[in-house]
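# Report on the structure
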There are 2 protein chains.
Amino acid sequence: MASQQNNKPQTAAESITPRATDYGQWYLDIVKRAELADHSSVRGCMVIKPHGYAIWEKLQRELDDRFKATGHVNAYFPLFIPLSLLAKEEEHAAGFAKECAVVTHYRLKSMDGKVDVDPESKLEEPLVVRPTSETIIWEQYRNWIQSYRDLPLLINQWANVVRWEMRTRLFLRTAEFLWQEGHTAHATEAEAREEVARMLEVYADVAENVMGVPVIRGHKTEGERFAGALDTQSIEGMMQDGKALQMGTSHYLGQNFAKSADVKFLNQNGQLEYVYATSWGVSTRLVGALIMTHSDDNGLILPPKLAPIHIAIVPIYKTPDEQARTTAEAQAVAAELRQQGWAVKVDDREGLQPGAKYYEWERKGVPIRIEIGPRDLEKGSLCVVRRFVIEQPGETEPELRRRKKQFLPRAEAIAQMPALMDTLQKELLERARIRRDQRTRIIDTLEDYEAFFREGGGFAWVHWAGTGADEDTMAKRYETSIRCIPFADQIPEAGRGPGACILTGQPSPQRVLMAKAY
Amino acid sequence: MASQQNNKPQTAAESITPRATDYGQWYLDIVKRAELADHSSVRGCMVIKPHGYAIWEKLQRELDDRFKATGHVNAYFPLFIPLSLLAKEEEHAAGFAKECAVVTHYRLKSMDGKVDVDPESKLEEPLVVRPTSETIIWEQYRNWIQSYRDLPLLINQWANVVRWEMRTRLFLRTAEFLWQEGHTAHATEAEAREEVARMLEVYADVAENVMGVPVIRGHKTEGERFAGALDTQSIEGMMQDGKALQMGTSHYLGQNFAKSADVKFLNQNGQLEYVYATSWGVSTRLVGALIMTHSDDNGLILPPKLAPIHIAIVPIYKTPDEQARTTAEAQAVAAELRQQGWAVKVDDREGLQPGAKYYEWERKGVPIRIEIGPRDLEKGSLCVVRRFVIEQPGETEPELRRRKKQFLPRAEAIAQMPALMDTLQKELLERARIRRDQRTRIIDTLEDYEAFFREGGGFAWVHWAGTGADEDTMAKRYETSIRCIPFADQIPEAGRGPGACILTGQPSPQRVLMAKAY
């Protein structure tokens, strides 16, 4: 007997603001109610709670496996960068200058009964807390690279970085965040550019096939490039409010950092040449992307590949005898599912109604819930509830709820679990793609453009041949920006080919992706 | 035909100073020649190179698996601690005050064509770069803990920390280092003390059964306790120069941090009570312990459980035909060994003599080398070379070398690999234990004590009933300190029971462990 109990939150502390009411508050509620992160007592810095960190660990593993499969190794470089070193590559320094946390002293002192910074411990040279590590890493590479035989050098670092932000939002933008940064050195431009493309595709693969977030791949405009890069490529996802989120970037740095750090190598012709560089990174921001892409008004929704718990089993009972029997069955089913490799939680907590348990696991994004009541025992069946289905137009909440739930013979329910998880993983991507496509338009006039963004907006494919100043105009008028100049195959077929710039009317070789953005 | 080629380093850059000549330089040479770490351009901060980082990653996995198996989860807390927060627990703040890196500004500015700290970006409150995270974590726990149902809270963090050190040594003592710090909250003192013991044993297990480093478990003296702890327990290993290295610590913090952060819980009797705390940590220092315990004058020696590469296979040839056949066989053998789960490197680099290859893999600590020459192909045999054997008294270098090498029928060599790796893993621990015991004495007079340390020293088991000032006396006279007050079962049987203090003659209930230390 699968319960029909109330599925609503039990207390105000568990309630989630609906997306339609206040999208920003909805996001914050999900982060808090799913226990993913908390604000800390340090301005702009967040605490990643165990459930949020477990998701990040799974993402790390997926990424790290792919980095290693493409020949990269991990290493670790210092947290601090001497100011003079950061300043060496001018454009780079200028790009990060406004958000650098700076260490100036190295000791505290008790003065007048109060602990304070010891003024006598002032550093000769201030140390910048790394906002990114190009400068400190290339300083090291000078000692590691002598000849073409030392290349390519394919190194990744998992680390924390700090960029002092005035407006922060949990996971999406915080002063300190966790990330990985790849820093590679190559003998030729062609090889470095191949690396940039390869790693962007690794990110796109993880976004789509692990996170279930479809992305557009393309180049950033000159104004949006990484400080010091000749080309910045990115993957852009669409969140449920129609805004774009930059999820990962891969940079071709040319010889800029090699020149400022004086890293030359002896090429195969016996000539000294500056090394070609790339860097690429994704961060804990991806957890924010995950939340904003899939979650609903009941809480977090996780793809099976990133779920710390895959299946929650809730025994349902009224009498002690029923409790003993349904709990034993829950444990037996759990054991069989663990054999398949799933992380299974048997929720046998006492003093909590099944409805409250259902709600909690929904809130935390567990992909599958199994309910086991006395009638299920008699019938030899299990009630298997999916966390989501792809919504049909005009479908009501009770209809949706019915479609999520299946009563299956026990053996069948267990045997089908791998296929069901696979379905959830794929349908999550499909659902996100449907939503994105519903909010994507090919637009040729400013009137249509304005109307589109007035009515909620999304991704606009428009022709563009404007200047940086023209981009500013679009930003001021519509709060939109060029998210990327996409690779040709990323543009919808109906929008391919040349045309006229939506603002200036000048000829444009292909459309660009415009949107509001995080 | 396994080669008899020269096994000596090819260039000065590869040479390693013998231990007997200069132990400190030997250590540094191993770190550099095995490509484990480098000094950086930031004072006191090191760069962990890919080979060193791969060892750390394996150690992390071994530790993390054990933390999770004992019910802990990972989370992440901010890098920065507001000065006032750090200062809350007085003893703690005093303990770390002299080694705190402090962030005072958050922006750079180009002034007179030079990038410098923007004086207008001064922070209202300075931020300390975490030397350890008790204060920032307990600040958060206040919001997470209300009742006994929220306990125990068993959280671990993998992070970087900074302790400004004047004298640094790669891995052993650096200004920034990587570590894990467990921070747990409990409803009772008994439960918290159990946790302290449990995690110390997890560390001892990893030290002995993963790293192959035998350790003594015990309590620190009052003067050596963690700042803010009521009890600090540690594991102490002996390095090859006879000095002790503290490899991990586990602290019982009582209610100190709960009081300073005001973390109370409603106990089962409905009363508000302060929470009981523990913390425990190990760091990248363990890589230093690994090096100093096992390595020899030829380079690093790694236990199979921590080796990034388990087996290096070197084909030996003179003609192109021999090259093709031995290399094909090397690949075939590698494929079979990878099936067993080993990380195998086939060293088919051209232009390098086999001897140079042997030396390189020895230097990097690869546990097993397989040499395949044309005669081995004819015979259907493999030459299997262990990285080390347990030395016999009076044995010469050529004798040692012979004992490391075995010619085995191909199938047998492959089939025996798991057993051989298991042997290496165990013998590394046994070898370290033999060395330690050879340099361990039960000592009852200051004359014997002085002679022991004059002649090289090691671990001295002595009776002790002195004061803190008496400890200082021993430190000044002999440069030794009490490494721990050991758990009773850690004392050699011949040294158990009460006695008289070696310095004061006062009655002592049991012996303590004294040594010089890192």
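Since this is a predicted model, take the numbers as computed values, not measurements.

### Remarks on the domain arrangement of chain A
All names here are of chain A. Structurally, chain A comprises domain 1 (35–81 + 130–294), domain 2 (304–422) and domain 3 (439–515). In this structure, domain 1 and domain 3 have C-alpha centres spaced 27 Å apart. At the junction of the two partners, domain 1 supplies 13 residues and domain 3 supplies 16 residues. Only strand 11 (216–219) and strand 12 (231–238) provide two or more residues apiece to the side of domain 1 that touches domain 3. Of the residues forming the side of domain 1 that touches domain 3, the biggest block, four residues, is contributed by strand 11. Here the residues of the side of domain 1 that touches domain 3 are counted per class, giving three nonpolar, six polar and four charged.

### Some points on the confidence of the model for chain A
Close inspection of predicted coordinates is inappropriate for parts of the model with low pLDDT. Counting all residues, the mean pLDDT for chain A is 95, and 97% of those residues have values of 70 or more. Per the prediction output, this complex has pTM 0.95; the corresponding ipTM is 0.95.

### Regarding the sheet that holds strand 21 (residues 405–409) of chain B
The strands making up a sheet are joined through hydrogen bonds of the backbone, oriented either antiparallel or parallel. Residue and element names in this part refer to chain B. Strand order in this open sheet of five strands is 18-17-19-20-21, and the pairing throughout is mixed. Lying at the two open borders of the sheet, with one neighbouring strand each, are strand 18 (344–346) and strand 21. Averaged over all pairs of adjacent strands, the angle between strand axes in this sheet comes to 25 degrees, irrespective of strand direction. The pairing of strand 20 (residues 381–386) with strand 21 spans five bridges and is antiparallel.

### Things to note about the packing of helix 2 (residues 50–69) of chain A against helix 6 (residues 189–210) of chain A
Residue and element names in this part refer to chain A. Following both chains from N to C, one finds helix 2 and helix 6 inclined at 140 degrees, their axes separated by 11 Å at the closest point. Of the two possible hands of crossing, helix 2 and helix 6 adopt the one that is right-handed. Listed contacts from helix 6 to E62, L63 and R66 of helix 2 are V202, V206 and V210. Counted by class, the contact of helix 2 with helix 6 contains four nonpolar, no polar and two charged residues.

### Considerations on the environment of L178 of chain A
You can see L178 of chain A is positioned in strand 10 (residues 176–186). C-beta crowding within 10 Å serves as the criterion here: with 19 such atoms nearby, L178 of chain A is assigned to the partly exposed category. With residues up to four places along the chain from it excluded, the contact list for L178 of chain A reads W56, N160, S283 and T284 of chain A together with Y76 of chain B.

### Quick look at the nonpolar core
By size, the foremost hydrophobic cluster in this structure holds 310 residues, and its most contacted members are I313 of chain A together with I313 of chain B. The residues contacting I313 of chain B, other than those within four sequence positions of it, are A330, V333, A334, V344, V346, D347, I370 and I372 of chain B.

### Points about the environment of D297 of chain B
Residue and element names in this part refer to chain B. Relative to the helices and strands, D297 is located in the loop between helix 8 (285–294) and strand 17 (311–315). C-beta crowding within 10 Å serves as the criterion here: with 14 such atoms nearby, D297 is assigned to the partly exposed category. Separated by 282 residues in sequence, D297 and S15 place their C-alpha atoms 9.3 Å apart. Not counting chain neighbours up to four residues away, the residues in contact with D297 comprise I16, P18 and R19.

Rules of the game
- Residues numbered from 1 in each chain as written.
- Chains lettered and ligands numbered in written order.
- Predicted model: local features only at pLDDT ≥ 70, side-chain atom pairs only at ≥ 80, totals over all residues.
- Domains from an automatic or database assignment.
- Contact = placed C-beta atoms within 7 Å.
- Helix = DSSP H or I, 4+ residues; strand = E, 2+ residues; numbered from the N terminus.
- Nonpolar A, V, L, I, M, F, W, Y, C, P; charged D, E, K, R; others polar.
- pLDDT = per-residue confidence, 0-100.
- Pairing = 2+ DSSP bridges.
- Axes fitted to C-alpha atoms, helices over the stretch in contact; angles between N-to-C directions.
- Left-handed = near helix turned anticlockwise from the far one by under 90°.
- Buried ≥ 20, exposed ≤ 12 C-beta atoms within 10 Å, placed from the backbone.
- Core = buried A, V, L, I, M, F, W, Y, C linked by C-beta atoms within 7 Å.

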